[in-house]
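Letter by letter, the chains look like this.
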Amino acid sequence: MGLPLVLERVTLSRIRSMLGDISVETTRLTTDLNRFTDVGPVPVVASEAPELMATHQVSHLRDHGRALQSGVYARSTEMLPSVRTELARLGMEDPTGLFTVFCLVPVGIIHHKDVRDPPRSWSELAAPRWAGTVTTFDMNTIYALLRIGMRDILGRGADAFIESMHFRGTPMNVNHMVDAGEVEVAVMPLPFGQASRQGNVRFQWPEEGALVVPNVLLLKALPDPRAVETGRYLLSEGVQRMMGPLGLIPVHPGVAMPRLVEKHNLQIRWSGWPTFVERLNLTKLVPPIQG
């Protein structure tokens, strides 16, 4: 289980109870799980495969082809509910049925409230004014996501912009730095960008659209019924209702979106699973070491 931290806190106890004697292994955002950690690959031997995987890790997502060809995993969309119509239209349904999206994490720009003329788009963020000052958290997930998304926007200029960024600690660390005025602008997930201790952080939905981290479920072929039940629990209306206030995009059709997502009409940058997986496998995952 690699759930968004804000969601894990309110669901993990129930999940452990539902799974009974099935062991639960969690992946946490710690200093041991940073940009140098390549989590994976997904096991493709039946005896090693988990009954259920919930993940956003790029090392898992890029293994889509291997997992599909192995035959070890189920077409989980045959056992789990479909995503809401708006997301299906955007290509969030995996055409192979292997991955089932259970939530999306929007990623945009945050800035200290006193910054004059803050960047309102990814293009503005990459302008000379902010060169060498932009910060984000220290994980290969965000690094890979930026390399994929920013190339669409900046073309050849994307690599230089990303290499100039500062990768510093956890999302909470970066939030605190912006809140304290130590950092003016940063790239952050909405759950960590919509609130702060001193109230100094502002989240900007980029004009070109927010990048998104897909959080997916992967079921083993012929899974334990308790694993299927757990997947359905994460997709249930009750759990999905918790997501909006946390800044996560729910996939349940009867659940409201986060306020900012509704305000910006679900404007996200997503080219569909085949394109995303292809680009992910062509992308270097580890940023340069910074002193």
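Refer to the structure printed above.
A quick note: this is a predicted structure, and the numbers were derived from the prediction, not measured.

**Q** Even after reading the chapter, I still don't get the pairing of strand β1 (residues 52-55), so can you show me in this structure?
**A** One face of the sheet, then the other: side chains in a regular strand alternate in exactly this way. Judged by which residues are buried, β1 turns out to be covered on both faces: Leu52 and Ala54 on one side and Met53 and Thr55 on the other are all buried. In the sheet, β1 pairs with strand β7 (residues 211-219) via four bridges, with the strands oriented antiparallel. Paired with Thr55 across the strands is Val216, a residue of β7.

**Q** Just checking my understanding: could you explain helix α6 (residues 140-154) for this structure?
**A** Since the α-helix packs 3.6 residues into each turn, any two residues three or four apart lie on the same face. For α6, spanning 15 residues, the distance from its first C-alpha to its last is 20 Å, which sits close to the expected 21 Å at 1.5 Å a residue. Across the 15 residues of α6, eleven count as buried, placing the element largely inside the fold. The set of residues buried in α6 consists of Asn140, Thr141, Ile142, Tyr143, Ala144, Leu145, Leu146, Arg147, Ile148, Gly149 and Met150.

**Q** Is there a simple way to think about the pattern of salt bridges in this case?
**A** If charged atoms from side chains of opposite charge come close, those side chains can pair. In total, this model carries ten salt bridges according to the counting rule given. Notably, a salt bridge pairs Arg226 with Asp21, separated by 2.9 Å at the nearest N-O pair. Of this pair, Arg226 sits in helix α10 (residues 225-234) while Asp21 sits in the loop between α1 (5-19) and β1, and the two are 205 residues apart along the sequence. Take Arg226: its relative accessible area is 27%, and that puts it in the partly exposed class. For the salt bridge of Asp224 with Arg226, the shortest nitrogen-to-oxygen distance reads 3.0 Å. Here the residues in one salt-bridge network are Arg147, Arg151, Asp159 and Glu163, joined through shared partners.

**Q** In this structure, what is going on with the side chain of Arg84? I would like to understand it.
**A** Here Arg84 shows up in the loop between α3 (64-70) and α4 (85-89). From its side chain, Arg84 meets the backbone oxygen of Pro250 in a polar contact 3.3 Å long. Of the polar contacts made by the side chain of Arg84, one reaches the backbone oxygen of His252; its length is 3.0 Å.

Cut-off values and rules
- Residues numbered from 1 in each chain as written.
- Predicted model: local features only at pLDDT ≥ 70, side-chain atom pairs only at ≥ 80, totals over all residues.
- Heavy atoms only, no water.
- Buried < 20%, exposed > 50% of the residue type's maximum accessible area, 1.4 Å probe, protein only.
- Helix = DSSP H or I, 4+ residues; strand = E, 2+ residues; numbered from the N terminus.
- Pairing = 2+ DSSP bridges.
- Expected span 1.5 Å × (residues − 1).
- Salt bridge = Lys/Arg side-chain N within 4 Å of Asp/Glu carboxyl O.
- Polar contact = N/O pair within 3.5 Å; in protein donor to acceptor, adjacent residues only side chain to side chain.

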